Structures are given as structure tokens and as C-alpha cells.
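# A closer look at the structure
As a plain string of letters, each chain reads:
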Amino acid sequence: MAAASAGTAVLSGCGEERPIVPSMVSIVRAPVYDQRIYATIRRMVEEHRLEVRGRHVVIKPNLVEFEPDCSINTHPLLVHAPSKPFAGWAPPVCRIAEGPGHRRNTLDLAEAAGYFKILPRFRRRFCGSQPG
């Protein structure tokens, strides 16, 4: 009986109609990753009128493998750039989160991809799979 009551409680909200809130998406061409990416990200944040004050922001890059001459991973500048506009709009918490498959040590991948060099206090801001 307890299981049936729990199931009823969980399903009771299924009949509620909620408005669909469209997602905001930008697709922007970036021929190279350099300092211009910061202005591009700031412009996108402003155009979408993102309100981040008092919110927690999570940036989720892809850290899969490491090949020095290949763009397998999200470039560290593309991860650092969104944190710059957010840093000026206090007091959000801006974290970087990733947990790749393949049982990889994410911190080793981040080191090889240049995240520690480009992102200040990367280890403090990082949430994800780490050696245990």
C-alpha cells in the first residue's frame, strides 16, 4: 500500500499543464580561438538578456581525450570567456563541470588541454570526475 501511495504522489503532478519556455541558442562562427572570443561571448550574453545575478552558472565543456594537433576537446578560451561576463555581474557562482566517459582522469585531460594555464583557479571551480 505504501508503494502505491508513493506512486500516486509522484504521478499526481503529471496532469499539470506547464507553459513551454523556449531555450535561447546562438550559433556563432569563430574561425580562431583568440581574444575576440571574449567580446563575442559578452555580446551573446547581452543579446539574450541573461540575468545571472544571484544564480549559479555551470559551464560544461567536453573533455574526451587529448590529441595536441586535433580539436577533440572544448578549447579552454571558450570555457574561460563565459566566466568573464558573469564575473562582472555579482554574485553568481560560476563552476566548470565535466565527467567524461571512458574512465579518464578529467584533471589530467584538463591539464593536457591547457585549462590550468588559461582558467584561473581551475581546480577550485571544477566539479567532476577526479581521481579517488
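Report follows, based on the coordinates. Values in this document were obtained by computation on a predicted structure and should not be read as measured data.

Thresholds, definitions, all that
Residues numbered from 1 in each chain as written. Predicted model: local features only at pLDDT ≥ 70, side-chain atom pairs only at ≥ 80, totals over all residues. Heavy atoms only, no water. Core = buried A, V, L, I, M, F, W, Y, C linked by side-chain atoms within 4.5 Å. Buried < 20%, exposed > 50% of the residue type's maximum accessible area, 1.4 Å probe, protein only. Helix = DSSP H or I, 4+ residues; strand = E, 2+ residues; numbered from the N terminus. Contact = heavy atoms within 4.5 Å. Pairing = 2+ DSSP bridges. Axes fitted to C-alpha atoms, helices over the stretch in contact; angles between N-to-C directions.

## Details of the nonpolar core
Ranked by size, the top nonpolar core spans 23 residues in total, and within it Tyr 115 and Phe 122 carry the most contacts. When residues of this core are traced back to their parent elements, those giving at least two are helix H2 (36–47), strand E1 (56–59), helix H3 (76–87), strand E2 (93–98) and helix H4 (106–113). With 5 residues, H2 is the single largest residue contributor to this core. Apart from residues lying up to four places away in sequence, Phe 122 is in contact with Ile 96, Leu 107, Ala 110, Tyr 115 and Phe 116.

## Focus on the sheet that holds strand E3 (residues 126–128)
Read across the open sheet, the 3 strands follow the order E1-E2-E3; overall the sheet is parallel. Strands with a single pairing partner mark the edges of an open sheet, and in this sheet they are E1 and E3. This sheet shows a mean twist of 35° between the axes of neighbouring strands, independent of strand direction.

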